[in-house]
Amino acid sequence: MSGGRKIAILQTAFLGDTLLSIPLAKALLEHEVANDSLLLICRKGLGDFFQALGLFDRVLEVEKGEAGSYDRAMNELETWWAYASSRVLVSPHESPRSRVWAARLKLRSVVKSGSGRDCHVHTVGYRSEPFGIFSMMYSQAVTRPMALPEAMRQLALLQADCFVTSDLWRERLRSFALDQADGRAGVGSDGKLMEVPDWASMKLSRFSGRGRDAKRIAMAPGSVWKTKQWTTEGFSAVAGAALLRGFSVDLVGTKDERGLCEEIVSQIGGQIGGQIAEPHGGDVSTRVRNLAGELSLLETTEVLARASQAFVNDSGAMHLAALAETPIVSFFGPTVLDFGYRPWSNSAFVLEPEEKLACRPCGKHGGQSCPIGTHECMKSIRPERAISHLLS
């Protein structure tokens with residue numbers, strides 16, 4: 001068992017936010033710890049996927065609302081790094097539960113160290129505003145730079161004094177902020193997505209250089225939040241246009257989204273009469289695959305990695321496509337780029353309503369139903385705009 005330094009990342013958010021922790025994990029492995037010395041604590045259901053990425057020695061899962069899972073994770077973490085020369089917990093997740101968990105871990109380490117064992121844990125998280133009460137739960141609290149995109153907000157935690165490269169990260173983030181100028185959250189002052197620097201990228205060798213099918217696109221029409229879903233008519237129109245140009249179409253999603261994907265497949269057939277005109281010939285069903293509910297997260301990412309393009313909502317699938325280095329066309333309706341959750345990719349287009357809507361944004365995550373009953377933010381994104389981004 002390694003006796004060097006060990007670091008754990010506490011990130012129990014949804015899939016998308018946890019994927020945006022990959023640059024943080026890569027930075028820690030490059031500058032701070034050995035390959036067998038990084039652990040992730042994540043939401044139940046994500047563990048196998050993140051373990052398979054090859055970044056983490058161990059991945060522990062916790063289940064929201066199940067206190068015992070948090071206790072078990074703490075015990076397993078303490079066993080994992082029991083013989084480490086030093087221990088650091090980094091928490092990019094801001095929920096009260098995560099803050100309290102980090103405080104409990106730190107308190108337990110103090111009590112155990114008082115009995116003569118070296119069990120000290122240094123915890124790092126975000127400074128809370130405006131009163132800073134929660135900041136005291138960490139050994140060191142770092143300001144969360146809300147003007148930067150989420151991946152860089154997480155990298156900002158590396159400015160803590162316990163990291164040997166803290167000065168490097170201060171300079172890198174300062175430089176990016178200067179380049180962003182009057183823009184915000186990774187969008188430049190010209191309104192375009194800024195380039196993702198190599199030192200902040202999500203790229204992994206597992207997906208780099210994968211052979212792509214130049215005549216295949218992927219679609220992920222679902223989202224945990226219903227209002228973040230672009231219209232089925234929009235997705236089916238893009239799929240139909242792709243089929244008429246000789247593309248094949250893969251639809252991916254969860255088991256709960258299979259019906260949504262089936263509806264899109266049905267609409268495609270209605271739009272183009274069930275048959276593809278020459279020279280491409282053949283029944284629609286031979287070149288459209290509904291894979292929703294059939295694949296693991298890793299298998300879904302591999303499907304995205306083989307596609308020439310991915311048409312997605314502002315969802316976890318968008319971030320999977322970025323991880324797969326697949327060119328992205330993404331639809332933002334109830335949420336806005338200012339929130340910081342842009343596709344973390346240098347090959348991405350974001351389509352939003354062309355006209356300013358007074359109701360937008362309607363919430364940090366979107367919702368299960370439109371607050372004013374119109375869903376205008378998504379309905380106003382015309383299919384023709386997405387079709388114009390289809391690669392020839």
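Residues numbered from 1 in each chain as written. Predicted model: local features only at pLDDT ≥ 70, side-chain atom pairs only at ≥ 80, totals over all residues. Heavy atoms only, no water.

Where do I start with the side chain of S201 in this structure?
Tracing the backbone shows S201 in the loop between α7 (166–180) and β7 (213–220). Discounting chain neighbours no more than four positions away, the residues touching S201 are P23, K26, V196 and W344. (Helix = DSSP H or I, 4+ residues; strand = E, 2+ residues; numbered from the N terminus. Contact = heavy atoms within 4.5 Å.)

Explain helix α2 (residues 22–31) here, please?
Given 3.6 residues to a turn, an α-helix orients residues that are three or four positions apart in the same direction. Of all 10 residues in α2, seven are buried; the element is thus mostly enclosed. Restricting attention to buried positions, one finds in α2 the residues I22, P23, L24, A25, A27, L28 and L29. (Buried < 20%, exposed > 50% of the residue type's maximum accessible area, 1.4 Å probe, protein only.)

Would you mind showing me how to read the pattern of salt bridges here?
Opposite charge on two side chains permits them to pair, given that their charged atoms come into close proximity. Applying the stated criterion to the full structure yields 24 salt bridges. A salt bridge links E76 to R58, with the shortest nitrogen-to-oxygen separation between them at 2.9 Å. Here E76, found in helix α4 (residues 67–80), pairs with R58, found in strand β3 (residues 58–62); they are 18 residues apart in sequence, far enough to count as distant. Look at R58 and you get partly exposed, because its relative accessible area is 30%. Among the salt bridges present, the one from E352 reaches R360, with a minimum N-O distance of 2.7 Å. (Salt bridge = Lys/Arg side-chain N within 4 Å of Asp/Glu carboxyl O.)

Explain the state of the cysteines to me, please; I cannot follow it from the model alone.
Joining two cysteines, a disulfide is a covalent bond between their sulfur atoms. Applying the stated criterion across every chain yields a total of zero disulfides. Free of any disulfide, C119 has its nearest neighbouring cysteine sulfur in C162, separated by 18 Å. Accessibility expressed as a relative area gives 10% for C119, which makes it buried. Left unpaired, C377 is separated from the closest cysteine sulfur, that of C362, by 6.2 Å. Residue classification places C377 among the buried positions, given a relative accessible area of 9%. (Disulfide = S-S within 2.5 Å.)

Just to check I follow, could you spell out the sheet that holds strand β5 (residues 122–126) for this structure?
Sheet strands pair by backbone hydrogen bonding; their relative direction is either parallel or antiparallel. Spatial strand order, β3-β2-β1-β4-β5-β6: six strands in an open sheet with parallel pairing. Two strands bound the open sheet, and with one partner strand each, they are β3 and β6 (140–142). Pairwise comparison of adjacent strand axes, ignoring direction, gives a mean angle of 20° for this sheet. Bridge count between strand β2 (residues 38–43) and β3: five bridges; the pairing is parallel. Each residue of the ladder has a partner; that of L40, found in β3, is V59. Along the sheet, α2 makes contact with β1 (5–10), β2 and β4 (86–90), crossing β1 at roughly 175°. (Pairing = 2+ DSSP bridges. Axes fitted to C-alpha atoms, helices over the stretch in contact; angles between N-to-C directions.)

Looking at this structure, I do not really get the sheet that holds strand β9 (residues 288–290). What am I missing?
What the six strands build is an open sheet, ordered β9-β8-β7-β10-β11-β12; its pairing is parallel. Two strands in the sheet have a free side with no partner beyond their single neighbour: β9 and β12 (348–351). Within this sheet the neighbouring strands show an average axis-to-axis angle of 15°, counted without direction. Judged from the three bridges that link them, strand β8 (residues 248–251) and β9 form a sheet pairing that is parallel. The residue bridging D250 from the neighbouring strand is R289, located in β9.

I'm lost on unusual backbone geometry in this one. Help?
What is expected of a backbone is that most residues other than glycine have negative phi and most peptide bonds are trans. Between R360 and P361 the backbone carries a cis peptide bond, its omega angle lying at 0°. Inspection of the secondary structure puts P361 in the loop between β12 and α12 (376–379). Unlike most non-glycine residues, A181 shows phi in positive territory, near 50°. Relative to the helices and strands, A181 resides in the loop between α7 and β7. For A185, which is not glycine, the phi dihedral falls at a positive 55°. Position of A185 relative to the elements: it lies in the loop between α7 and β7.

I'm lost on the packing of aromatic side chains in this one. Help?
Aromatic ring pairs: the centre-centre distance and the angle between the two ring planes describe each pair. Inspection of every chain in the model, using the stated rule, returns seven aromatic pairs. Seen from their ring centres, W230 and F235 are 5.2 Å apart, and the 70° between their planes marks the pair as edge-to-face. Each member of the pair, W230 as well as F235, carries the same accessibility label: buried. Here a set of aromatic residues connected by ring pairs shows up, and it is made of W230, F235 and F331. Here K215 stacks its cationic end above the ring of F247, 4.4 Å away from the centre of that ring. (Phe/Tyr/Trp six-rings, centres within 6.5 Å; stacked < 30°, edge-to-face > 60°. Lys NZ or Arg CZ within 6 Å of the ring centre and 35° of its normal.)

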